[in-house]
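Listed below, chain by chain, are the residues.
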Amino acid sequence: MTAPGHRDGVEITVGYRGLGTQPDRLEQRTVAPAAGDAPPWDANTPLRAVGSDHDRVDGLAKASGRAKYTSDVTFPGLLQARILRSPVARGTLTTLELDAARALPGIAAVIALKQPGQRVRFVGDAIAAVAGTDLHRVRDALEAIRADYAAEPHTVDYLQHEDAPALAADGSIADAWPSSASVEQALAAAAQTHEATYRTEVQTHSSLESHGAVAKWNGDDLEVWCSTQATFGVRGELARALRGQRIDVGTLTVHAEFVGGGFGSKFGAGIEGLACCLLAREAKAPVKLMLDRFEEHTTTGNRPAALLQLRAGVDADGKLTAWDVRSFGGCGFNVEKGEGGGNVAVPDYYTKGAKTRRKHLDLATDTDPARPMRAPGYPQGWFGAELFLDELAAKAGIDPLEFRLRNDRDTMRLDQWRFGAERFGWAEARARRNEPGARLVRGVGLASARWGQLGNPGRQPHGIQCRIHQDGSVEVRSGAQDIGTGLKTVMVLITADELAIPPARVTAVTGHTGDPSGPGSGGSTTTPSLAPAVRHAAFLARQELAALLAKDLGADAAQVAFGDGTVTVGGRALSWADACKRIGPNPIDVRGKRFPNYDSEPFSAVVCGCQFAEVEVDTWTGLVRVVRMFGVQDCGLVIAKKLAESQVLGAMLQGISYALHEQRILDRTTGRMLNGDFLRYKILGSEDVPELGCHLMTVHNGHTSTPAAGLGEPPSVAAPAAVANAVFHALGAPVRHLPITPDKVLAALAARRQ
Ligand code: MOS
């Protein structure tokens, strides 16, 4: 291998090893790392810690309660706070009187979050906030606030919007398709066609830890602990918002050392974060403001509802020749120019040879708006598209797997389909027939996944701090947050491999904005953005240690070798601990950075996956139980294998929950959510967990020194669709409206019998 830092190129091997008995798909590529960057790890690099089954490094701290989340942060004299929320869905605030609340005992601060005359946009819109010595007094004070509203007629159902399509009695879109000569010609020429309408409901955010913050002022300096997936984003947002309130902030530090999930709902401080800072300033005391579960369900955004209609045709070979999709998003009040975050994504790798058309319209309602949630737009669209494809395949007399193999244009996924089908036992399970008249019937289904992300370095070159101390411990720090996915473990394993030491010697710290910047955890880009920076930091630290040892021992720095916990300097082997003793009281302290991706094409610009599910349906009660699922997932370079697998299995569980249970129910008269708690908003419970398995494949995309991909979104794309397809197989009739609740299953069975 050429020495790093040469613009003239390094030869590397990219691609992946064959799945099961399949052939390797490896290629040679010449890449040009930036001067000073660590050399690329490629498909032939032996790695020890990276890719191993190492435990989550903060697992014990989390399981034992020692990990301090925002909701655990406390100080002497800490005040509690709550928000007064609008009971009307649409209208204007006309009166806001706060003095009676201010006069109550134990109340330290009361602030307006809206002024009379301002618009109220949904039930739960923030009106005012109170801080006091305990939550009982704070609640009393909220009741003492007088707020009047001029309410206006509201709509909470997007299908009642004036631009919503007309629905037939069976739920399908009754409006004629707008004309498209090319699609219609292709449909007319097709050997088989199909048309159907699919629908999904609003899924609310259910992170383990609710949204909220603790704010503490020291003079003009502000420290904020926030449950967020973007420490630097929150810092910027609060700095701007406080300046907007004419508050001069000295230093502003955000902490999010441990975060109980975000899933797309926690990119901002939100009105609750700003209210917390303002209350703390007025009260001259630290304030904690955490949302309760009802507020989580009703004010922190959601995966919007979707309605989509598809029509398509195949030729005599079962290849798609026409593909027409129109969709509508029910996405809350924030629709501007037809875009409110309700967009629905559908797969594009089946239809490369077809005449296609794609149309979408977001429809506003007077409700809490859409917010990103794990693969925004994908699970809803993939559910519709993949179930539609199974229905079309059934009409054409083609097995669903065979149908995918004929139409999927992605070589990697074709390998995954074949391997996954083999491991899952697709052919046997699909051929099995249910006993005629049996109460319990089984079925199997499959679905694909895709996500685009290779992690760009962000606007600033994100950094990582790495320190080697004289006691042999290594500290690696990022100001970005680990929202539970495992960034700390990723940092530890990469550093351990670069320094050739056991992972136990390395400690990772995340989530303090005093440390080098990192991206918000969105779009599955945190790991691919930061892994190369972690690597670069460790690479620089190693070079400094080598130089120091060489100087100390009178050797040539190029002759210093690291391996297996020892350092060899000019033929003399030192243990890591002995080598580090020579560092002295001031640690080696370097800052690595995220260089841009190499100029050359990555092996694959998207990550691929597919999943298989088996369900059992009780035909008497209509209850669906998922029996087992199996997934094959591309992950770029797999770094922390056990955690990556958890990402896939967790996505399957969330997908089952979305497919079978989750649904926000709003009262049309009041606009209020009727099931805003975990008693009535059903999510999957531990009793419902099926047998889960996955195979993670390392794919060397050759786009950075440490070519990782992220797994936030990719595994959540296929799961609901695979479950819906399995239900279709079990029943012999599709359920085209999520969640697949017993009433819909029984209706599908009744319709089939007719
Ligand atoms: Mo994600 S929905 O980019 O947190």
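From a predicted model like this one, the values you see are computed outputs, not experimental measurements.

## A word on the pairing of strand 12 (residues 221–226)
And then number 1: The sheet contact formed by strand 11 (residues 212–218) and strand 12 spans six bridges and is antiparallel. Considered in strand 12, the bridge of Lys216 is made with Glu223.
And then number 2: In sequence, strand 11 turns back onto strand 12 through a hairpin of two residues, with Gly219 there showing a positive phi of about 65°.
And then number 3: As paired strands, strand 12 and strand 13 (residues 252–255) are joined by four bridges and run parallel to one another. Following the sheet pairing, Glu223 is matched in strand 13 by Thr253.
And then number 4: Once you follow strand 12 into helix 5 (residues 231–244) and on to strand 13, the crossover reads as right-handed.

## Observations concerning the sheet that holds strand 4 (residues 91–97)
And then number 1: The strand order across the open sheet formed by three strands is 6-4-8, and the pairing between neighbours is antiparallel. The sheet terminates laterally at strand 6 (119–120) and strand 8 (146–151), the two strands that pair on one side only.
And then number 2: Sheet analysis places strand 4 next to strand 8, joined by six bridges and oriented antiparallel. Directly across from Thr95, in strand 8, lies its bridge partner Asp148.

## Remarks on the domain arrangement of the chain
And then number 1: Taken as a whole, the chain is organised into domain 1 (70–153 + 211–290), domain 2 (181–203 + 303–453 + 603–753) and domain 3 (457–596).
And then number 2: Centre-to-centre, using C-alpha coordinates, domain 2 lies 41 Å away from domain 3.
And then number 3: Listed as interface residues are 16 residues of domain 2 and, on the opposing side, 16 residues of domain 3.
And then number 4: Summed over both partners, the interface of domain 2 with domain 3 comes to about 1,200 Å²; 63% of that surface belongs to carbon and sulfur atoms.

## So, the pattern of salt bridges
And then number 1: Counting across every chain of the model gives 45 salt bridges.
And then number 2: Linking Arg311 and Glu184 is a salt bridge whose minimum nitrogen-to-oxygen distance equals 3.2 Å. Of the two residues, Arg311 sits in strand 16 (residues 305–314) while Glu184 sits in helix 4 (residues 181–189), which places them 127 residues apart along the sequence.
And then number 3: The class for Arg311 is buried, based on a relative accessible area of 9%.
And then number 4: Given the relative accessible area of 32%, Glu184 is considered partly exposed.

Rules of the game
Think of each chain on its own: its residues are numbered from 1, step by step along the sequence as written. Two thresholds apply to this predicted model, a pLDDT of at least 70 for residue-level local features and 80 or more for giving and counting side-chain atom pairs, whereas whole-chain, interface and lining totals are computed over all residues. Computation of side-chain values covers all heavy atoms of the structure but excludes hydrogens and water. Strand pairing is assigned whenever DSSP detects at least two bridges linking the two strands. Secondary structure elements follow DSSP: runs of H or I of four or more residues count as helices, runs of E of two or more count as strands, with numbering from the N terminus. Crossovers are described as right-handed under a simple rule: with the strands pointing away from the observer, the path leading from the first strand over the helix to the second runs clockwise. Note that the domain bounds reflect an automated or database-derived domain assignment. Contacts are residue-level and defined by heavy atoms, with any inter-residue pair within 4.5 Å sufficient. Once two parts are put together, the accessible area they lose, assessed with a 1.4 Å probe and summed over both, is termed the buried area. Within this document, salt bridges are pairs made up of a side-chain nitrogen of Lys or Arg and a carboxyl oxygen of Asp or Glu, the two lying within 4 Å of each other. For every residue, the accessible area obtained with a 1.4 Å probe (protein chains only) is divided by the maximum for its type, and the residue is called buried under 20%, exposed over 50%, and partly exposed between those limits.

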